[in-house]
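# A look at the structure
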Amino acid sequence: MPHVNTNGIRLSYERSGRGESVLFIMGQAAAGHVWSLHQTPAVQRAGYETVIFNNRGVAPSDVPPGRYSLADMVADTRGLIESLDLAPCRIVGTSLGSIIAEELAIGWPHLVRCAVLMATRPRADVARLAQTMAERALRDSGIRLPAKYNAVDTVTRMLSPATLNDEAAVASWLEIFELAAESSTDGAGQAWVDTTTDRRAALGAITAPCRVIAFTDDRIAPPHLGVETADAIGNCDFVEIPRAGHLGYLERPDEVNAAILEFLGKY
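Below you will find a few notes about this structure. (Residues numbered from 1 in each chain as written. Predicted model: local features only at pLDDT ≥ 70, side-chain atom pairs only at ≥ 80, totals over all residues. Heavy atoms only, no water.)

### What to know about the pairing of strand β3 (residues 21-25)
Taking burial as the measure, the five residues of β3 include five buried ones, the bulk of the element. Of the two faces of β3, the one carrying S21, L23 and I25 and the one carrying V22 and F24 are both buried. Chirality of the crossover, the property in question, places the unit of β3, helix α1 (residues 39-45) and strand β4 (residues 49-53) among those that are right-handed. In this sheet, strand β5 (residues 89-94) lies alongside β3 in parallel orientation, the contact comprising four bridges. Among the inter-strand pairings, F24 is bridged to a residue of β5, identified as V92. (Buried < 20%, exposed > 50% of the residue type's maximum accessible area, 1.4 Å probe, protein only. Helix = DSSP H or I, 4+ residues; strand = E, 2+ residues; numbered from the N terminus. Right-handed = clockwise from strand over helix to strand, strands pointing away. Pairing = 2+ DSSP bridges.)

This is the structure:
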């Protein structure tokens, strides 16, 4: 993969298709190529160029040691946009990727034409804060859990009951996540990025048109917090997709792609 030098590191990226550019920003510890399973092919067929990349901490982008900050990751993405001359660009993000997109739209509005913000939240409520603190405490303890345990934990936290009740689908997901846990040490630094601070007041500075896409069964960024994000941004609508968890863009790709493309077509 080609790369750009930005903010003191190298970021790997991939450009595909023809037309105006759409930048996809992935969530915590996941590789950019995950977008290629469902989203980028659909967006390319609709006449856009797509740009995917690996955030810092996910090889073959650089994996610097230590704990990363949100400012680090925003600066990385800003440098990528500027290096590839994408601005003002359409952005699609999910989870941490959505938060990065929001911070770009706040601090550098000239870089963002519009944004689709999936599985996002403007703060951590009591349950989500407890979840985050527990995960960080586990990391601090130095305990490394077996890959099989991590796979079960990921599947039960990230997917919807509709998927969990589909035995064939669950078997495939468990295999995928167990293999990923066995083979990867990427993304550890991203776990320390602040996603708990209340950003509702700051989100009011966003002027770019936005769409929040929430997933009904999302236990990490539940719909009621997605509504708070949409309400905080002046020009933002809200779409909720049922029978989907935090990885709703993989569980319900047709519905997600339709919501993305309908929005991008406006701007």
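### Comments concerning the packing of helix α2 (residues 70-83) against helix α3 (residues 96-107)
Between two packed helices, what matters for the description is the angle formed by their axes and the separation of those axes. Here α2 crosses α3 at 70°, and the two axes come no closer than 9 Å. Compared by their axis directions, α2 and α3 come out roughly perpendicular. Here L70, M73, V74, T77, R78 and I81 of α2 come into contact with α3, specifically with L96, I99, I100, E103 and L104. (Axes fitted to C-alpha atoms, helices over the stretch in contact; angles between N-to-C directions. Parallel < 35°, antiparallel > 145°, perpendicular 65-115°, else oblique. Contact = heavy atoms within 4.5 Å.)

### Concerning the side chain of R252
If you trace the backbone, R252 turns up in the loop between α10 (248-251) and α11 (253-264). Look at R252: it is buried, it has no salt bridge, and the nearest opposite charge is E255 at 4.7 Å. Setting aside its immediate chain neighbours within four residues, R252 contacts A162, I241, P242, R243 and A244. (Lys, Arg positive; Asp, Glu negative; His and termini not counted. Salt bridge = Lys/Arg side-chain N within 4 Å of Asp/Glu carboxyl O.)

### Considering α3
For α3, spanning twelve residues, the distance from its first C-alpha to its last is 17 Å, which sits close to the expected 16 Å at 1.5 Å a residue. Of the positions making up α3, those classed as buried are L96, G97, S98, I99, I100, A101, E102, E103, L104 and A105. (Expected span 1.5 Å × (residues − 1).)

### Brief notes about the sheet that holds strand β1 (residues 3-6)
Read from one edge to the other, the open sheet built from eight strands follows the order β1-β2-β4-β3-β5-β6-β7-β8, with strand pairing classed as mixed. At either margin of the open sheet sits one strand with a lone partner, and together these are β1 and β8 (236-241). Strand-to-strand twist of the sheet, defined as the mean angle between neighbouring strand axes without regard to direction, takes the value 25°. Where α2 meets the sheet, its contacts fall on β1, β2 (9-16), β3, β4 and β5, and the angle it forms with β1 comes to roughly 120°. Docked against the sheet, α3 engages β3, β5 and β6 (112-118), running at close to 145° with respect to β5.

### Digging into the nonpolar core
Counting residues in each nonpolar core, the largest one holds 38 residues, and the members touching the most others are L23, L80, I81, I91, I100, L104 and V112. Take this core: its biggest share by element is six residues, from α3. Apart from the residues lying within four places of it in its own chain, the contact partners of I91 are L23, I25, I81, A101, L104, V112, C114, A115 and V116. V34, A119, W173 and A259 belong to the second largest nonpolar core, which has 32 residues in total. (Core = buried A, V, L, I, M, F, W, Y, C linked by side-chain atoms within 4.5 Å.)

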